[in-house]
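Residue-level structure breakdown
So you can see what is in the structure, the chains are spelled out below.
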Amino acid sequence: MAMIDRIPDTKQEWFKDAKYGLFIHWGLYSILAGEYKGKQTKHISEWIMNSLDIPVEEYEKLTDEFNPDQFDADALVKMAKEEWGMKYIVFTAKHHEGFAMYHSENSKYNTVDATACHRDIVKELADACKKYDMKFGLYYSQSQDWHDPNGFVSKANGGKETDNQSKDFQSYVDHKVIPQLRELLTNYGEICLIWFDTPMDMTKEQSQQCVDVVKELQPNCLISGRIGNQLGDYMTIGDNYMPRLPLEGDWEVPATLNDTWGYSKFDQSWKTPEEIIKILVKIASRGGNYLLNIGPRADGSVPQESLDILGEVGNYMRENGESIYGTRKAPSYPYEIDWAEFTCRDHKLYVHVFEPRKKLEILNCSNEVKDAYLLSNGQKLKYVCDESCEGDAVVIVDIPEELHDAKTYCVCLELKEEAPIFDPIRG
Ligand code: FHN
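Residues numbered from 1 in each chain as written. Predicted model: local features only at pLDDT ≥ 70, side-chain atom pairs only at ≥ 80, totals over all residues. Heavy atoms only, no water.

This part covers the sheet that holds strand E17 (residues 409–415). The strands making up a sheet associate through hydrogen bonds between their backbones, and the pairing can be parallel or antiparallel. With antiparallel pairing, four strands are arranged side by side in an open sheet as E11-E12-E17-E14. A strand with exactly one partner marks an edge of an open sheet, and here the two such strands are strand E11 (340–345) and strand E14 (369–374). Along the sheet, successive strands turn relative to each other by an average axial angle of 20°, direction set aside. Pairing analysis gives six bridges linking strand E12 (residues 348–353) to E17, with the strands arranged antiparallel. (Pairing = 2+ DSSP bridges. Helix = DSSP H or I, 4+ residues; strand = E, 2+ residues; numbered from the N terminus. Axes fitted to C-alpha atoms, helices over the stretch in contact; angles between N-to-C directions.)

Below you can see the structure in the form of structure tokens.
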């Protein structure tokens, strides 16, 4: 069994404080939107080239159709910051398809040289992030590259078996990965992190080679856990997975709003805003960051469903941001309860309520509560610090009648003590 031999620590407060970021998956696959020559992919849409075994020469022709006339980096970054409440953005500079979404000198297979629009999307986003003081990170597929003859290919999403071992992977690293990382870290200002992904069979030396070039050019640029070989600055949790308990160290959950990352016209499995808020609160409660994805359409517009969900979540963050941003993991509450999740900061316990309640009974909480109020508007709430008939401490907060049917709101309890005290179950 693998042993965890270190606790990743970015030593960067912005990452520990951020809690909520925007992932953007956008590439040539967005043009296909989950379908090629009348065939629908059964897998995540950005894998369509691999899953439907589209030949390189055929896939390359998509560059003729790349015309993002609805893409407005300025408006997107402004919205992410001001309306959605995101603290950083990570954009797919190059996904597994191998196409560079920026002006790469290294490979002409890029948005400026290979398409009629000649637009450098990374530059547009970098400029907008600078303007709005938004942290900007780049996704870079360091191992899989289905365009380069020596890039790895996985069959994870229905692709055909490929003999990766007979490839000259080192040559691909030396001739494409390292030069492209140099470009990305030299030409686009401050990059807060490089989001490496699917390391597959990369050796420790090859992962280290990537780390070295990043740190040489931008020492503060963080490295995602998926650089492989335990060389990341923080842990990248499995897609849409969440640690069950509070987790030590710095970590992030990459996640989707529906079931795919790139745009798919077929995928309508949207999560509700309430579900997203609950996930975000759980992640913050356990000490991590939530990197939540949008997959723009080929023309650069963002699906209305994504806009609606993120707008609702943004409303919650605007009213209750204090309970999420800048918090650190909360002590583990001993009971399984569906109706609430807890976050905390010094002398404050935040109770995020997800089901209609007349009272909040927080059993085994033995803090001395000094005040209780709705976080969104400061409305005072009646409360009592009591003892159950079994002798366990319990904090009971009355919810005013007008809120009996409400769900998804946050109650702040001000505590005498610095941290929440959740007593163990005694029985
Ligand atoms: O294969 C990729 C996938 O397309 C997507 O980019 C996700 C995001 O976390 N990462 C890989 C699968 O884990």
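The backbone of Thr-198 shows a phi angle near 40°, a positive value even though the residue is not glycine. Structurally, Thr-198 can be placed in the loop between strand E6 (193–196) and helix H8 (204–217). By relative accessible area, Thr-198 is classed as partly exposed at 22%. At Asn-364, a residue that is not glycine, the phi angle is positive and equals roughly 70°. Residue placement: Asn-364 occurs in the loop between strand E13 (359–363) and E14. (Buried < 20%, exposed > 50% of the residue type's maximum accessible area, 1.4 Å probe, protein only.)

The next subject is the side chain of Asp-423. With respect to the element layout, Asp-423 can be found in the segment after E17. Within the buried set, Asp-423 has no salt-bridge partner at all; the shortest N-O distance to an opposite charge, 4.4 Å, is to Arg-426. Engagement of the side chain of Asp-423 in a polar contact is seen with the side chain of Ser-366, the distance being 3.0 Å. Setting aside residues no more than four positions away along its own chain, Asp-423 makes contact with Pro-334, Asn-364, Ser-366 and Ala-393. (Lys, Arg positive; Asp, Glu negative; His and termini not counted. Salt bridge = Lys/Arg side-chain N within 4 Å of Asp/Glu carboxyl O. Polar contact = N/O pair within 3.5 Å; in protein donor to acceptor, adjacent residues only side chain to side chain. Contact = heavy atoms within 4.5 Å.)

So, on to the packing of aromatic side chains. Applying the stated criterion across every chain, the model contains 21 aromatic pairs. Considering the side-chain rings of Phe-23 and Tyr-139, the 6.1 Å spacing of their centres and the 50° angle between planes classify their relative orientation as tilted. Remark: Tyr-139 occurs in strand E5 (residues 135–140) and Phe-23 occurs in strand E1 (residues 20–24); sequence separation between them is 116 residues. Comparing Phe-23 with Tyr-139 shows no difference in burial state: the two are buried. Grouping aromatic residues by their ring pairs yields a cluster made of Trp-26, Phe-66, Phe-71, Phe-99 and Tyr-109. The ring of Tyr-325 has Lys-87 lying over it, and the distance from NZ or CZ to the ring centre is 4.3 Å. (Phe/Tyr/Trp six-rings, centres within 6.5 Å; stacked < 30°, edge-to-face > 60°. Lys NZ or Arg CZ within 6 Å of the ring centre and 35° of its normal.)

A few words now on the site of the ligand. Around the ligand sit 14 residues, and of these His-25, Glu-46, His-96, Asp-197 and Asp-239 come closest. Here an oxygen atom of the ligand and a side-chain polar atom of Asp-239 are 2.7 Å apart. Taken by itself the ligand offers 320 Å² of open surface, and the protein chains cover 91% of this. (Near = heavy atom within 4 Å. Areas by Shrake-Rupley, 256 points an atom, 1.4 Å probe, with all protein chains shown as cover.)

A cluster of acidic residues, Glu-274, Glu-275, Glu-305, Asp-308 and Glu-312, forms a negative patch at the surface. When contributions to the negative patch are tallied by element, the ones reaching two or more residues are helix H9 (273–286) and helix H10 (304–320). Of all the elements, H10 adds the most residues to the negative patch, at three residues. Mapped onto the fold, Asp-308 is located in helix H10. (Patch = residues over 30% accessible without salt bridge, like charges linked within 9 Å, V, L, I, M, F, W, Y side chains within 5 Å. Charge placed at Lys NZ, Arg CZ, Asp CG, Glu CD.)

Among the six residues in strand E10 (residues 289–294), six count as buried, and that is most of the element. As defined by bridge partners, E1 adjoins E10 across five bridges and the pair is classed as parallel. Along E10, the bridge assignment pairs Gly-21 with Leu-291. Pairing between strand E9 (residues 251–255) and E10: four bridges, direction parallel. Bridge assignment links Val-253 to a residue of E10, and that residue is Tyr-290. The parallel pair E9 and E10, bridged by H9, forms a crossover whose chirality is right-handed. (Right-handed = clockwise from strand over helix to strand, strands pointing away.)

It is worth spelling out the sheet that holds strand E15 (residues 383–387) at this point. If you trace the three strands from one edge of the open sheet to the other, you get E13-E16-E15, paired in antiparallel fashion. Every other strand in the sheet has two partners, leaving E13 and E15 as the edge strands with one partner each. Going across the sheet, the axis of each strand differs from the next one's by a mean of 20°, ignoring polarity. Pairing geometry for E15 and strand E16 (residues 393–398), over five bridges, is antiparallel.

Here the focus is the pattern of salt bridges. Evaluated as defined, the whole model comprises 27 salt bridges. Here Lys-16 ties to Asp-9 by a salt bridge, and the two come within 2.6 Å at their closest N and O atoms. Lys-16 gets classed as buried once you look at its relative accessible area, which sits at 16%. Between Glu-248 and Lys-329 there is a salt bridge, with the nearest N and O atoms lying 3.3 Å from each other. Remark: Lys-329 occurs in the loop between H10 and E11 and Glu-248 occurs in the loop between strand E8 (235–236) and E9; sequence separation between them is 81 residues. Given the relative accessible area of 33%, Lys-329 is considered partly exposed.

Interpretation note: all reported values are geometric properties and have no functional meaning in isolation.
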